[in-house]
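The primary structure of each chain is shown beneath.
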Protein chains: 2
Amino acid sequence: MADRDEERDGRRGSRDTGASPRPTIRTIAERAQVSIATASRALNDTGRIGEETRKRVRKVAQELSYRPSSTARALVHRRTFTLGLLTNDRYGRFTLPMLAGVSEALADEDVSIFLCAEEYGPDRLRANIAAMDARGVDGLVVTGKRIDKGVPAELLPQGIPVVFVHSAAALGAHRFIGDDEGGAHAATSHLAACGRRRIAHVSGPATFLAARLRADGWRRALEERGLAPFGDALHGTWTEAHGFEVARHLFDRPRSERPDAVFCGNDQIARGLIDSLALMGLDVPDDAAVAGFDNWDVFAEATRPPLTTIDPQLKTLGRAAGMRMLDLINGKRVDPGTVSIPGVLVKRRSCGLEP
Amino acid sequence: MADRDEERDGRRGSRDTGASPRPTIRTIAERAQVSIATASRALNDTGRIGEETRKRVRKVAQELSYRPSSTARALVHRRTFTLGLLTNDRYGRFTLPMLAGVSEALADEDVSIFLCAEEYGPDRLRANIAAMDARGVDGLVVTGKRIDKGVPAELLPQGIPVVFVHSAAALGAHRFIGDDEGGAHAATSHLAACGRRRIAHVSGPATFLAARLRADGWRRALEERGLAPFGDALHGTWTEAHGFEVARHLFDRPRSERPDAVFCGNDQIARGLIDSLALMGLDVPDDAAVAGFDNWDVFAEATRPPLTTIDPQLKTLGRAAGMRMLDLINGKRVDPGTVSIPGVLVKRRSCGLEP
DNA sequence: CTGAAAGCGCTTACAG
DNA sequence: CTGAAAGCGCTTACAG
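Cut-off values and rules
Residues numbered from 1 in each chain as written. Chains lettered and ligands numbered in written order. Predicted model: local features only at pLDDT ≥ 70, side-chain atom pairs only at ≥ 80, totals over all residues. Axes fitted to C-alpha atoms, helices over the stretch in contact; angles between N-to-C directions. Helix = DSSP H or I, 4+ residues; strand = E, 2+ residues; numbered from the N terminus. Parallel < 35°, antiparallel > 145°, perpendicular 65-115°, else oblique. Contact = placed C-beta atoms within 7 Å. Nonpolar A, V, L, I, M, F, W, Y, C, P; charged D, E, K, R; others polar. Pairing = 2+ DSSP bridges. Domains from an automatic or database assignment. Near = placed C-beta within 6 Å. Buried ≥ 20, exposed ≤ 12 C-beta atoms within 10 Å, placed from the backbone. Left-handed = near helix turned anticlockwise from the far one by under 90°. Least-squares fit on C-alpha atoms with pLDDT ≥ 70 in both.

### Remarks on the packing of helix α2 (residues 25–32) of chain A against helix α3 (residues 36–44) of chain A
All names here are of chain A.
Next up, step 1: The geometry of α2 relative to α3 is characterised by a closest axis approach of 8 Å and an angle of 100° between their N-to-C directions. In terms of axis orientation, α2 runs roughly perpendicular to α3. Across the interface between the two elements, Ile25, Arg26, Ile28, Ala29 and Ala32 from α2 touch Ile36, Ala39 and Ser40 from α3.
Next up, step 2: Classifying every residue of the contact of α2 with α3 gives six nonpolar, one polar and one charged.

So this is what it looks like as structure tokens:
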């Protein structure tokens, strides 16, 4: 047996036909002339080991580029060091930046992430959750496109921690969302700080909680400065088309009756609105300052002029969720509830300059 | 022991404090009064089993909502039924639709996917691949943002199948990419079919193979119809800004010297160009028909008018890669090489109508 | 048709 | 400091 191993060793890497099976801890132990228990200890730096032996074992492991089977490890530890991530954002706009944050938080722990990106529907959801469950993930993070829709509680797995990100969740769940109201407040305050007094708001459907919260933030910022809202919040779809059309309503009138700034509920609306103004011969920011929400780079940077907007800090959101997950997995007692992560104002040219 | 189980059973689902540990096959066996070997057979419908016993075991499993530990299964089968997916598209534009295709192909096989989305760099790449390797993934799919850049071969794992998608790869690798030349040919042919004769091409950097291939397709389509290219391909960045500026060059001249159509290397360039034309008072498609490439919905549908473009069929690409992966894992002998997946022309209003 | 036993690759008390 | 043994939750020859 040892002989065959020796023989195979010569070929490592030189060709991959008849690839020698990956070495196990037994291989290492034999080569290093120790028991597998000792090999295990040497490899994990656990228990008391002779420095001599430790080095020998490690050297062998190195040479054979041994990697302990995480499957076997998972079996004995009853912990797989994996997480499931459920999302219905098949597009990736939110999910990937968020995931990057989660990964970052978990990198040191060597946990890997199963991604399930499918439109939510009871059938697929059930299947996906069952799959994660069978794989014994240590935890599940549930993501959504809307903070006011979520996965039905009865479908969620039992017995492992669940963290919600940008999704609805039952009271007492661990949940992280962006700060819609605060972001809107910041954007509107910025417009006011730039000297604007007649600040309108154009946004997505009022059926979205996020749209309502952003409108709230807009109102609060105005109120704080003693400014009146410029008309009602103009709810519509989250599209460029909405911004484009609303612009005509708002600006196709005598100058004195027009707003001098518009806070838009997302970057796409802002983009449509700005394009519309350009076609009407109006200048941004001279005739109207415009701010958006999302900091979706392909829009915010391509808008003419580039768009001042709120960055929702998706990565930070993910990192926070990842760290919470870690705590939960490690059995730390931590109070559940919703944490909202503040966005940051990204200043570009669409608002002009503060005085 | 049996008694304690009975006791706990009453609480299942009613509360999750002191959650009873998930049942193992041993639990099932005890409850069903059979050996674990028999339980295993009943559950897997394998070997010869009395119909009677089979039903009894299954019923018990059902009641306890037993799920076999895939960790344990993986250990004995030496196959984890997991795949690694490596991508440097942190944005998700390509990755998620592609992933959806891979998942679809693998759904029946119950394989789950580890996603690693990080900017490629030797250090992180090495770490991520090592992680996948340690997890014993059955295969790895490597994705890229460019078909002419890839992961250095020496970093790739040995001994498991690797499939490349939209990425460079060594000769003899299993690789799936979109058909840039063919798509460009289709788009250009469509413009010609719409009666255009002076068809220009504006695209991304010539350092990108994709840009060169798209230019090739443009030229071939023109040649086939006996049309001369309208000037050289205008290479620049893949941005709206590029399209926006080039439009001035191309159209700020007497009508007789202008193109009557522009095939753009991507949707963003097309968007910039169309916006520019609008500001110049030119009509699309009357003054110039415009086609793009990518069918990135937020652009293609928001452009005024909506953009005719090439859809790269990312999901199909993913599905093809997933199916190939399955074949490779199952040891089917299949010839390696590059498969290119044709795109499809999506007609919208930016090209007018074919006669 | 069914059970006892070995084994997948590890870790970890338990003895020395 | 080191080794033999049991065990994590399964599957699968091997005997009956």
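### So, the sheet that holds strand β9 (residues 289–291) of chain A
Residues and elements named next belong to chain A.
Next up, step 1: One open sheet holds the four strands; their spatial order is β7-β6-β8-β9, and the pairing between them is parallel. Whereas interior strands pair on both sides, the edge strands pair on one side only; in this sheet they are β7 (234–235) and β9.
Next up, step 2: In this structure, strand β8 (residues 261–264) lies alongside β9, joined through three bridges in parallel fashion. By the bridge assignment for β9, phenylalanine 263 is matched with alanine 291.
Next up, step 3: Each of β6 (199–203), β8 and β9 is contacted by helix α8 (residues 180–193), which is oriented at about 170° to β8, the strand it contacts most.

### Topic: the domain arrangement of chain A
Next up, step 1: When its domains are assigned, chain A resolves into domain 1 (2–68), domain 2 (81–178 + 314–341) and domain 3 (180–312 + 346–351).
Next up, step 2: Look at where the C-alpha atoms of domain 1 of chain A and domain 3 of chain A centre, and you get two points 63 Å apart.

### Things to note about the protein's contact with DNA strand C
Next up, step 1: Taken together, 27 residues lie around DNA strand C, and A:Ile25, A:Ser40, A:Ala72, B:Ala37 and B:Arg48 are the ones closest in.
Next up, step 2: Listing elements by their share of the surface near DNA strand C, those giving two or more residues are α3 and α5 (70–77) of chain A together with α3 (36–44) and α5 (70–77) of chain B.
Next up, step 3: A per-element tally of the surface near DNA strand C places α3(A) first, with six residues.

### Focus on the protein's contact with DNA strand D
Next up, step 1: The local shell around DNA strand D holds 27 residues, among which A:Ala37, A:Arg48, B:Ile25, B:Ala37 and B:Ser40 are the closest.
Next up, step 2: For the surface near DNA strand D, the element with the most residues is α3(B), which contributes six residues.

### Quick look at the pairing of strand β3 (residues 139–143) of chain B
Residue and element names in this part refer to chain B.
Next up, step 1: A large share of β3 lies buried, amounting to five of its five residues.
Next up, step 2: Neither face of β3 is open: one carries Gly139, Val141 and Thr143, the other Leu140 and Val142, and all of them are buried.
Next up, step 3: Sheet analysis places strand β1 (residues 82–87) next to β3, joined by four bridges and oriented parallel. Bridge pairing links glycine 84 to leucine 140 in β3.
Next up, step 4: Examined bridge by bridge, β3 and strand β4 (residues 162–165) share four bridges and lie parallel to one another. For valine 142, the partnering residue across the bridge sits in β4 and is phenylalanine 164.

### Side note on the pairing of strand β4 (residues 162–165) of chain A
All names here are of chain A.
Next up, step 1: By the alternation rule, side chains of β4 split into Val162 and Phe164 and Val163 and Val165, which are all buried.
Next up, step 2: Where β4 meets strand β5 (residues 174–178), three bridges bridge the pair, whose relative direction is parallel. By the bridge assignment for β5, phenylalanine 164 is matched with arginine 175.

### Description of the packing of helix α2 (residues 25–32) of chain B against helix α4 (residues 51–63) of chain B
Residue and element names in this part refer to chain B.
Next up, step 1: Running from N to C, α2 and α4 point in directions that differ by 125°, and their axes come no closer than 9 Å. With respect to α4, the axis of α2 lies oblique. In the crossing of α2 with α4, the sense of the turn from one axis to the other is right-handed. Judged by residue contacts, Ile28, Arg31 and Ala32 of α2 engage Arg56, Val57, Val60 and Ala61 from α4.

### Some words on the sheet that holds strand β6 (residues 199–203) of chain B
All names here are of chain B.
Next up, step 1: In space, the four strands of this open sheet follow the order β7-β6-β8-β9, with parallel pairing throughout. Two strands close off the open sheet at either side, each with one partner strand: β7 (234–235) and β9 (289–291).
Next up, step 2: Alignment of β6 against strand β8 (residues 261–264), held across four bridges, turns out to be parallel. Its bridge partner lying in β8, valine 202 is registered against cysteine 264.
Next up, step 3: Most of the contacts of helix α8 (residues 180–193) go to β8, to which it runs at about 170°, and overall it touches β6, β8 and β9.
Next up, step 4: Contacts from helix α9 (residues 209–224) reach β6, β7 and β8, with the element oriented near 175° to β6.

### Focus on unusual backbone geometry
All names here are of chain A.
Next up, step 1: For the bond running from arginine 304 to proline 305, omega is 0°, close enough to zero to count as cis.
Next up, step 2: Secondary-structure assignment places proline 305 in the loop between α12 (297–300) and β10 (309–311).
Next up, step 3: The phi angle at aspartate 110 is positive, at roughly 60°, despite the residue not being glycine.
Next up, step 4: Position of aspartate 110 among the secondary structure elements: in the loop between α6 (95–106) and β2 (112–117).
Next up, step 5: Although it is not a glycine, glutamine 313 sits at a positive phi angle of roughly 55°.
Next up, step 6: Within the secondary structure layout, glutamine 313 lies in the loop between β10 and α13 (314–329).

### Details of the relation of the copies chain A and chain B
Next up, step 1: Mapping chain A onto chain B leaves a residual RMSD of 0.1 Å; the transformation is a rotation of 180° accompanied by 0.0 Å of translation along its axis. The transformation relating the two chain copies, once decomposed into turn and shift, fits a two-fold axis.
Next up, step 2: Of the interface residues in chain A, 100% have counterparts in chain B that sit at the interface too, so the contact is made through matching surfaces.

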